[in-house]
Amino acid sequence: MTWRSPLALLRDAVLSQKAREKELRSLVSNLPFEGLGKSKQPNRFFKPNAIKTNKYTPLFFIPMNLYEQFHRLANVYFVGLAILNFIPVVNAFQPEVALIPICVIMFLTALKDGWEDFRRYQSDKKLNNMPCLIYSRTAKHYIERRWKDVRVGDFVKVVCNETVPADLLLLHTSDPNNVCHIETSNLDGETNLKQRNALPGLCTSNDVFEPESFNCTVVCEKPNNNLNHFKCFVEKPDKEKTGAGIESLLLRGCTVRNTEHAIGFVVYAGHETKSMLNNNGPRYKRSKLERRLNVDVFFCVLLLFIMCLIGSLGHYLWLKNLSDVPSFLVSDSKGHLDSPSLSSFYMFFTMIILLQILIPISLYVSVELVKIGQIFFILTDVDLYDEETDSQVQCRSLNITEDLGQIEYIFSDKTGTLTENKMVFRRCSIMGKDYPHKENGKDLSHFIHTFKNAVTQFQKVILYYRNIALCRKPTPKHNVSTSMLDSGDGVLGVVVIAFLHHQETQVIPDEKLLQQISRSERSSSGISDPYMDFFLALAICNSVVVSMATTQRQRVSLPKYFSVLVKRTGSFWKVFDSPKQNGSSTSAHKRSDDANGVQPRALDTVTLSARPAAASGDVCYEAESPDEAALVYAAKTYGFTLLARTPNSVTVRVPSGEELVFEVLDTLAFDSNRKRMSVLVRHPITGEYVLYTKGADYAIMELLGTPGQQKKIAADTQYHLDCYAKDGLRTLCITKKIVSSREYQSWLADRKRALAAIDGREELMMASAVQLETELTLLGATGIEDRLQESVPDTITALREAGIKVWVLTGDKPETALNIGYACRLMEEGDLVINMTSVVFQVTCVSILDCTLEEVRRYHEDPRNVDTTQKISLMIDGDTLAIALSPDLQDRFLDLAKRCRSVLCCRVTPLQKSRVVKLVRDKLKVMTLAVGDGANDVNMIQVADVGIGISGQEGMQAVMASDFAITRFKHLKKLLLVHGHWCHTRLANMIIYFFYKNAAYVNLLFWYQFYCGFSGTAMIDYWLMIFFNLFFTSTPPIMFGIMDKDVSAEMLMGVPELYRTGQGSGEYNFRTFWISMLDAFYQSLVCFFVPYLAYQGSDVDIFTFGTPLNTSSLFIILLHLGIEIKSWTVVHWIIMLGSVALYFIVTLAYSAICVTCNPPSNPYWILQNQMADPMFYLICIISTVVALLPRYTFYVLKNSIAPSPLIQAKHLDRMEPSVRDMWMKEWRSLRGGTEVKESRLSTPPSPTLETSVDFYPGFGDAASFVGEDMSLNVIGD
């Protein structure tokens, strides 16, 4: 290695820092400089590709870890006291002994940190040494190197199924169209394939890319963590610029799929890659209970200061009242004694050392252990396991489990959270005519009823295999699970799952629409027919990736035995593939299909085994959104099959069998501002420039042209859209536009300038898209059904009974959102629905808020409405919400919203979702939970106190941003009502007990100071004091915090009202803390003065007095915990008895072998002598009984005279299950009133505009609310 001067190294460091801080980077190829020194490399200022995530090195581990640990004030406090104990004038114990507790705690913490860091080091080493292919100018080909050898400016070749080692600008692929398919599951969890396009015009040949001929300059933006945006342009030697975006960037960590190889230019490496910039480590949130804990620790510090001050003043008064100097006060070398004031000052610090355990040193470690145990029970709960996806609940944030038991507001997304997000094409409107597709999306119950006969056919085969499994020795040939074969329900469940997937991708065509397409195809104007254009738009205007080279991905993999059964009994799909209708209808389908030449793909049978698409002759669609997949499959049903997609073309097979290749001129991707997507193509037959657009109705309707015929079609289509929305369908409008050649050329110039821009690229791209999307021609609209998930209504009803208010925040239309609100029991029949939609002016919003609040307050003031619950729901759209969230209206909006039982926000943006959650959290000071499944829910999830991600159909962005992840909304019920309640109750009671335990024990030393002149003397051997907190009484509270169960899971699920006990301040609050502290003072008084009075006037030594006192305190503290334990198990008995046994074994051994362990004191044979004295046992019994009698008596009287709901539920738990269930139903009916009864009703009908308008009793006259500009629409019976 060449020696370089320190000045040169410093200069390079400064230049590197400046180069990395520039907004734009200019990168060139490393090949011309290969073999030269580092100082001559053009890209030397940028980060290498090696990564380092571990914090420590073997040499500096100890000092760095100590530095990290001393960031915790508790460690600084205890180490400071240990050091203070080394000062002779203030020490209370042997200095070395005082270091033991804090050293043990810090050693265990360092051990944990070291192990975690070593695992990070191993992971980094494995990653840095992964192989990759880098082009070498010397070797003239790609050579195998390591990831850590990759540098900015290198050319890297990635082959199929390999991981991308750095952020690469894609220059060439093996695909003829220069397309590369990647999977980004390592980054965002999404398993669908994404398409990346190579930069055009850089290859001299379509087949070969020569890195040595690359003499361009790559200009890109400074590294950032945005995975969805990238700004870059490539400048050729002739100064021509070619823009590139995220569609040409391969991110580090992605996997190349369906592409033989891809070649890229390294733009970011190592810690500057987007994936590493997003690697922020584990999430950390402070729970509400932890914040309360820190406050009480401060109170303990204050209490310790008062006790030490009393000790210091007492020592001063004791010295002042001495008539002469006693012999035990030792003078210094000069024969002088310290003055009483100076001695009392020293005594203040001595008392701090003596009473330091009032601050629980091991509490934080114990809390962490308890949380780990609680998380283990959550993760292993089989009720939170989802068989369909083979996934369980995930705990991504380890320190807020107890917050699950204090939730007061839930904010939920709709699509994919309350619904399946598995889209079924239900209806469409073309040229103002509705086609209902009545056969699509039939109830699953109809299928199950039809399928029962098919299940019966399996019974003999199941019995046959069961006999084989039971009577013969298992062999590979007959490897069948008896547990699966024992039940026909297992077979039925598998088939139901398979049927649901079958329903998602298959569409039963509408007979009239088939005939219309056939007529359009035969007509001379078929090429430009609106019906043909409608389905061409469905097939073309999307981002669906088409693949025929890989096996189609299956959501469910069926068991092997099931495919065997299918082979033995024939294809059972015929049971539900044939529509249940009369023969004429079926034959009519057949005649229509044969006459029109349309293949009835919806009725094709499918096989259970996953076959390669190429072998089966079918294409495989990889869609980023289930909506797009549903539309593509719908187009395929009518004969418009999407066959291939490249960056420059789309191939569609039309019903006649002809394959049309459309040249793709540009794609205007969907964004949350435009709410639409467009694809500009050149028609292969007419040569016209055609723009196909799909998007939300309110975003499309304002862009339509104004011919007379279009007005009627738009009006009819809007009516159909409203009907679709009332039925709960997701709607989209489909349009077309013929672009003239002049308009296209003009627009193309603007588009190129936008693509090549670095600054303001998003704004320029948006402007160019809006410029083209005008004067559109409406073709029609679609309605897609997204079914509710299983048990969503029951879950919402239970959460409401638990005292949790549920808000739904969705981007859907008001009609769709309202329908879902009724279907999922967010709203009930008879509810007063305050409709605040389509409010344009702030004065109107103010009037509605003021009038509504006045009526709500009037309802509360009415004496007839005492102890009644208002059944009010609020519906508000995004535009009105933007007004209501303004600073001057926030308080009024919240005042109204908090009085509503539920709130439904529709047409809201992701930013508005997070603003609503933040407003409620900060203004109302309540615990909030946000649950969602998509990228648009990430902001909301991160803002809430607890974020829940649902791993659904929209990728894993929400899961990766969440604190907990579940697979179904129904799992929220048990996660909150059972595990949330248990986690909060256990941890709260454990922390209260910890404070009590330390206070009760340290007060024994404090009371003794009144009888030893406040000299800081301890009557208990210090080693035994250390053992008392570290060993004898440390395990029982941890066990208590992990395993205690006040009420069974069945009771908590059956009576959701029990969850209310944890809301607000919960079990751990100011009152319970100070009651436990007062109880600790009382018990310590009893524990101290019973032995004191028993030995008063005797000549027992100090340790003979302290040993029964120490033993009594052990029994009192453990039996106090026994009173608090709600459910005893074998583990409880073992740990409690084990702690007592450990105390006697260790103390007896210590007393036997330790003669001069704590000079000048002598603990030798103390406990042995005590155990031979009956007085010892009498003192222990009397002290324990008297100390615990008040608490025990209070609990007996309280639970007998005025039992809490939890105690009542505990009594019900002891009954027989049938009797208990009967009492649970009675309880819910009495406590929940009509709300519970309504929750058992069948699904209410969807509301319509013609629904009669009634006001809830007590809300005055309707005329006072209804106006032309201001209205309160109330939907009821």
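Residues numbered from 1 in each chain as written. Predicted model: local features only at pLDDT ≥ 70, side-chain atom pairs only at ≥ 80, totals over all residues. Heavy atoms only, no water.

Engineer: With reference to specific residues and values, describe empty space enclosed by the protein.
Structural biologist: Under the definition given, this model contains seven cavities of 30 Å³ or more. In this model, the largest cavity occupies a volume close to 230 Å³. Taken together, 18 residues line the largest cavity, and the ones lying closest to its centre are P101, Q356, I357, I361 and N1029. The set of elements that each furnish at least two residues to the lining of the largest cavity consists of α5 (100–128), α33 (971–1009) and α34 (1022–1032). In terms of residue count, the dominant contributor to the lining of the largest cavity is α34 (five residues). By volume, the second largest cavity is sized at about 100 Å³. What lines the second largest cavity is a set of 15 residues, among which D1021, L1024, F1103, T1107 and I1166 lie closest to the centre. (1 Å grid on protein atoms, 1.4 Å probe; cavity = no way out; pocket = protein on both sides within 12 Å on 5 of 7 lines; lining within 4 Å. Points joined across faces, edges and corners; volume = space filled by probe spheres on them. Helix = DSSP H or I, 4+ residues; strand = E, 2+ residues; numbered from the N terminus.)

Engineer: An account of the packing of helix α8 (residues 288–320) against helix α9 (residues 340–354) is requested, with residue identities and associated values reported.
Structural biologist: Where α8 meets α9, the closest approach of the two axes is 8 Å, and the angle between their N-to-C directions is 145 degrees. The handedness of the crossing between α8 and α9 is right-handed. Side by side, α8 and α9 meet where F305, C308, L309, G311, S312, H315, Y316, L319 and K320 of the first sit next to P340, S341, S343, S344, F345, M347, F348, M351 and I352 of the second. Here the contact of α8 with α9 is built from residues that sort into 11 nonpolar, six polar and one charged. (Axes fitted to C-alpha atoms, helices over the stretch in contact; angles between N-to-C directions. Left-handed = near helix turned anticlockwise from the far one by under 90°. Contact = heavy atoms within 4.5 Å. Nonpolar A, V, L, I, M, F, W, Y, C, P; charged D, E, K, R; others polar.)

Engineer: For the environment of K752, give the residues involved together with the corresponding values.
Structural biologist: Secondary-structure assignment places K752 in helix α23 (residues 741–756). Each C-alpha atom of the pair K752 and G243 lies 7.7 Å from the other, and the pair is 509 residues apart in sequence.

Engineer: Which residues make up the confidence of the model for the protein, and what values go with them?
Structural biologist: Residues at a pLDDT of 70 or more form 81% of the protein, whose mean pLDDT is 80. Between residues 549–617, whose pLDDT stays under 50, and residues either more than four places distant or in other chains, the model counts 112 contacts. Confidence over residues 1233–1277 falls short of pLDDT 50; this stretch has 88 contacts with residues more than four positions distant or in other chains. (pLDDT = per-residue confidence, 0-100.)

Engineer: I'd like to hear about the pattern of salt bridges, residue by residue, with values.
Structural biologist: For the coordinates displayed, the defined rule picks out 46 salt bridges. The salt bridge involving K112 is made with D113; its shortest N-O contact spans 3.2 Å. Residue classification places K112 among the partly exposed positions, given a relative accessible area of 42%. For D113, a relative accessible area of 13% puts it in the buried group. Each of K414, D627, R730 and D812 takes part in a single network of salt bridges with overlapping partners. (Salt bridge = Lys/Arg side-chain N within 4 Å of Asp/Glu carboxyl O. Buried < 20%, exposed > 50% of the residue type's maximum accessible area, 1.4 Å probe, protein only.)

Engineer: Can you break down the packing of aromatic side chains residue by residue, with the values?
Structural biologist: Counting across every chain of the model gives 57 aromatic pairs. Both rings, one in Y1143 and one in F1144, keep their centres 5.2 Å apart while their planes meet at 80 degrees; by these two values the pair is edge-to-face. For Y1143, a relative accessible area of 0% translates into the label buried. On the basis of relative accessible area, F1144 is assigned to the buried category, the value being 17%. (Phe/Tyr/Trp six-rings, centres within 6.5 Å; stacked < 30°, edge-to-face > 60°.)

Engineer: Before we move on, could you go through the UniProt feature "transmembrane region" (unreviewed entry) in the protein and cite the residues and values that matter?
Structural biologist: Under the local residue numbering, the UniProt record ascribes the feature "transmembrane region" (unreviewed entry) to residues 73–91, 97–115, 293–318, 345–367, 1073–1095, 1102–1121, 1133–1155 and 1176–1197. For residues 293–318, the helix share is 100%, the strand share is 0%, and the end-to-end C-alpha distance is 37 Å. Along residues 1073–1095 the backbone is 96% helical and 0% strand, and the end-to-end C-alpha distance reaches 34 Å. (UniProt positions renumbered as here; feature names shortened; annotations may be inferred.)

Engineer: Just give me the short version of the pairing of strand β4 (residues 155–159), but keep the residues and values in it.
Structural biologist: In this sheet, β4 lies alongside strand β2 (residues 131–136) in antiparallel orientation, the contact comprising two bridges. Counterpart to I134 in the pairing with β4 is V156. The pairing of β4 with strand β13 (residues 261–268) spans five bridges and is classified as antiparallel. By the bridge assignment for β13, K157 is matched with I263. (Pairing = 2+ DSSP bridges.)

Engineer: Describe the sheet that holds β4, with residues and values.
Structural biologist: A sheet is described by the order of its strands in space; here six strands give the open sequence β3-β2-β4-β13-β5-β11, paired in antiparallel fashion. In this open sheet, the two strands that pair with only one neighbour each are β3 (141–146) and β11 (249–250).

Engineer: Talk me through helix α27 (residues 842–861); I want residue IDs and the actual numbers.
Structural biologist: In a regular helix each residue adds 1.5 Å, so 20 residues correspond to 28 Å; α27 covers 29 Å between its end C-alpha atoms and thus fits that length. Buried within α27 are the following residues: T844, C845, V846, I848, L849, T852, L853, E855, V856 and Y859. Those residues of α27 that are buried lie in contact with β28 (832–836), β29 (872–877), α28 (878–884) and α29 (890–897). (Expected span 1.5 Å × (residues − 1).)

Engineer: Hey, could you go over the sheet that holds strand β6 (residues 179–183) for me, with residue numbers and the actual values?
Structural biologist: The three strands lie next to each other as β7-β6-β12, forming an open sheet whose pairing is antiparallel. A single partner strand is all that each edge strand has here, and the edge strands are β7 (193–197) and β12 (255–257). Adjacent strand axes in the sheet meet at a mean angle of 45 degrees when their direction is disregarded. Inspection of the sheet shows β6 paired to β7 by five bridges, in the antiparallel sense. Directly across from V179, in β7, lies its bridge partner N197.

Engineer: So what about the side chain of T273? Which residues, and what values?
Structural biologist: Relative to the assigned elements, T273 resides in the loop between β13 and α7 (274–277). From its side chain, T273 meets the backbone oxygen of G270 in a polar contact 2.8 Å long. If we skip the residues at most four places from it in the chain, T273 touches A166, D167, R252 and Y268. (Polar contact = N/O pair within 3.5 Å; in protein donor to acceptor, adjacent residues only side chain to side chain.)

Engineer: Describe the UniProt feature "binding site: Mg(2+)" (unreviewed entry) in the protein, naming the residues involved and giving the relevant values.
Structural biologist: Using the residue numbers shown here, the UniProt feature "binding site: Mg(2+)" (unreviewed entry) corresponds to D413, T415, D933 and D937. Despite a sequence span of 525 residues, these residues sit close together in the fold, their greatest C-alpha distance being 10.7 Å. Its location among the elements puts D413 in the loop between β15 (409–412) and β16 (419–430). Discounting residues that sit within four places of it in the chain, D413 has contacts with L418, L809, T810, K913, V931, G932, D933, D937 and M940. Within the structure, D413 has its side chain in polar contact with the side chain of K913 (distance 3.2 Å). Inspection of the secondary structure assignment puts T415 in the loop between β15 and β16.

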